[in-house]
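This is what each chain is made of:
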Amino acid sequence: GAGVSQTPSNKVTEKGKYVELRCDPISGHTALYWYRQSLGQGPEFLIYFQGTGAADDSGLPNDRFFAVRPEGSVSTLKIQRTERGDSAVYLCASSLRQGAVGYTFGSGTRLTVV
Amino acid sequence: GDSVTQMEGPVTLSEEAFLTINCTYTATGYPSLFWYVQYPGEGLQLLLKATKADDKGSNKGFEATYRKETTSFHLEKGSVQVSDSAVYFCALTRTEGTALIFGKGTTLSVSS
């Protein structure tokens, strides 16, 4: 597509529930990144994919968070047993390859855990 | 660990005023430095970048110079417009294309 698409744009869920957030990168972009942006903060790195594999998942806060990219394009960020502290905007970005200049970010999914 | 510190906002200016948003960093080696901008309701966009000491990044009238001696990458614009109202983020990466480390962001509000 023309840009990085993230769905849903907004998600409200109850504490303890499971959620999936989807990212559709720019066609042909092999590198894909997930970030989390809490209110009043800058984006915080979560995980980075090169193709289908997670090249760096050091930013995932705990084992409730997991992400996949099975065919090397669309990625899903999965959060189990959601907590109120998980409320944030989850950003996805893609780039043509590792080492490419700058990323293209999506508009994000605003997750609210009530 | 690596980190980025930005001046706190909000920064409120009148149209055509001079803008400076301060950014300093802590990192080993020679990181690449970036400014990203987030307009209301839109995603983060790369504004400019610099990859080595004394490089100057520029775009849309904005400039920033990579100063290794002061570990700084301050954003400047000579004459701001209302359309420049946005949140500005300074960021670094030690290996380009991998994890970016962002500052907290500075909100700029320009009035006519």
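Going along each chain's sequence as written, the residues are numbered from 1 onward. Whichever chain is written first is A, and whichever ligand is written first is 1; the rest continue in order. Owing to the predicted nature of the model, reporting of local features is limited to residues with pLDDT of at least 70; listing and counting of side-chain atom pairs is limited to 80 or more, with chain, interface and lining totals taken over all residues. Side-chain metrics in this entry use all non-hydrogen atoms of the structure; hydrogen atoms and water are not considered.

**Considerations on the overall build of chain A**
Next, step 1: Each helix is a run of H or I in the DSSP string that is no shorter than four residues. Each strand is a run of E no shorter than two, and both are numbered from the N terminus. Scanning chain A from N- to C-terminus turns up zero helices and eleven strands.
Next, step 2: Across chain A, helices and strands are ordered from the amino to the carboxyl terminus as β-β-β-β-β-β-β-β-β-β-β.
Next, step 3: Only the C-alpha atoms count toward the radius of gyration. The rule for a globule is 2.2 Å times the residue count to the power 0.38. Here the C-alpha atoms of chain A give a radius of gyration of 13 Å, agreeing with the 13 Å that 2.2 N^0.38 yields for 114 residues.
Next, step 4: Here the C-alpha coordinates of chain A stretch approximately 35 × 25 × 25 Å along the principal axes.
Next, step 5: Among the 114 residues that make up chain A, the fraction classed as buried is 46%.
Next, step 6: Whether two residues touch is decided by their heavy atoms; if any such pair falls within 4.5 Å, the residues are in contact. Of the contacts made within chain A by residues no fewer than 6 positions apart, 54% connect residues no fewer than 24 positions apart.
Next, step 7: Note on areas: Shrake-Rupley with a 1.4 Å probe; residue coverage comes only from the protein chains shown. Accessible surface, chain A: about 5400 Å² in total, of which carbon and sulfur atoms supply 47%. Exposure is judged per residue with a 1.4 Å probe applied to protein chains only, and the accessible area is read against the type maximum: over 50% gives exposed, under 20% gives buried, and values in between give partly exposed.

**Comments concerning the overall build of chain B**
Next, step 1: A count of helices and strands for chain B gives zero helices and twelve strands.
Next, step 2: Relative to the compact-globule value of 13 Å for 112 residues, chain B shows a C-alpha radius of gyration of 13 Å, a close match.
Next, step 3: Counting only C-alpha atoms, chain B reaches 45 × 25 × 20 Å along its principal axes.
Next, step 4: Restricting to contacts in chain B with at least 6 residues of sequence separation, those with at least 24 account for 55%.

**Details of the state of the cysteines**
Between two cysteines, a covalent bond joining their sulfur atoms is known as a disulfide.
Residues and elements named next belong to chain A.
Next, step 1: Disulfide: a pair of cysteine sulfur atoms within 2.5 Å of each other. One pass over the full model with this rule turns up two disulfides over all chains.
Next, step 2: The side chain of Cys23 participates in a disulfide bridge whose partner is Cys92; the two sulfur atoms lie 1.9 Å from each other. One quick way to see it: the torsion about the S-S bond of Cys23 and Cys92 is about -70 degrees, and its sign makes the bridge left-handed. A residue pair is termed long-range when its members are at least 10 positions apart, and Cys23 in strand β3 (residues 19-24) and Cys92 in strand β9 (residues 88-95) qualify at 69 residues. Residues Cys23 and Cys92 agree in their burial class; the two are buried.

**Looking at the interface of chain A and chain B**
Next, step 1: Taken residue by residue, the interface counts 19 residues in chain A and 16 residues in chain B.
Next, step 2: Summed over both partners, the accessible surface that disappears when two parts come together, traced with a 1.4 Å probe, is what is meant by buried area. Summing the contributions of chain A and of chain B, the shared interface buries around 1400 Å²; its carbon and sulfur component is 58%.
Next, step 3: Think of a salt bridge as a Lys or Arg side-chain nitrogen and an Asp or Glu carboxyl oxygen that are within 4 Å of each other. Linking chain A with chain B are zero salt bridges, by the criterion used here.
Next, step 4: We call two N or O atoms a polar contact when they sit within 3.5 Å, provided that within protein one can donate a hydrogen and the other can accept it, with sequence-adjacent residues counted only if both atoms are side-chain atoms. Counting every contact that joins chain A to chain B gives two residue pairs in polar contact (both at pLDDT 80 or more).
Next, step 5: Elements with a minimum of two residues in the side of chain A that touches chain B: β4 (31-37) and β5 (44-50) of chain A.
Next, step 6: Side-chain classes follow a simple rule in which Ala, Val, Leu, Ile, Met, Phe, Trp, Tyr, Cys and Pro form the nonpolar group, Asp, Glu, Lys and Arg form the charged group, and the remainder, Gly included, forms the polar group. Of the residues assigned to the side of chain A that touches chain B, the class counts are ten nonpolar, nine polar and no charged.

**Notes on the sheet that holds strand β3 (residues 19-21) of chain B**
Residue and element names in this part refer to chain B.
Next, step 1: Spatially, β3-β9-β8-β7 is the arrangement adopted by the four strands of the open sheet, whose pairing is antiparallel. Across the chains shown, the open sheet's two edge strands, defined by having one partner strand only, are β3 and β7 (56-59). Between one strand axis and the next, the sheet turns through 15 degrees on average, direction left out of account.
Next, step 2: At least two bridges found by DSSP between two strands is the condition for calling them paired. When β7 meets strand β8 (residues 62-65), the two strands line up antiparallel, connected through four bridges. Residue Asn59 lies in a different strand from β8, and its bridge partner there is Phe62. Lines fitted to C-alpha atoms define the axes, with helix axes restricted to the stretch in contact, and inter-axis angles between N-to-C directions lie between 0 and 180 degrees.

**Description of the sheet that holds strand β7 (residues 65-68) of chain A**
Residues and elements named next belong to chain A.
Next, step 1: Here four strands make up an open sheet; going across it, the order is β1-β3-β8-β7 and the pairing antiparallel. The open sheet has two free edges, formed respectively by β1 (5-7) and β7, since each of these has just one partner strand. Along the sheet, successive strands turn relative to each other by an average axial angle of 15 degrees, direction set aside.

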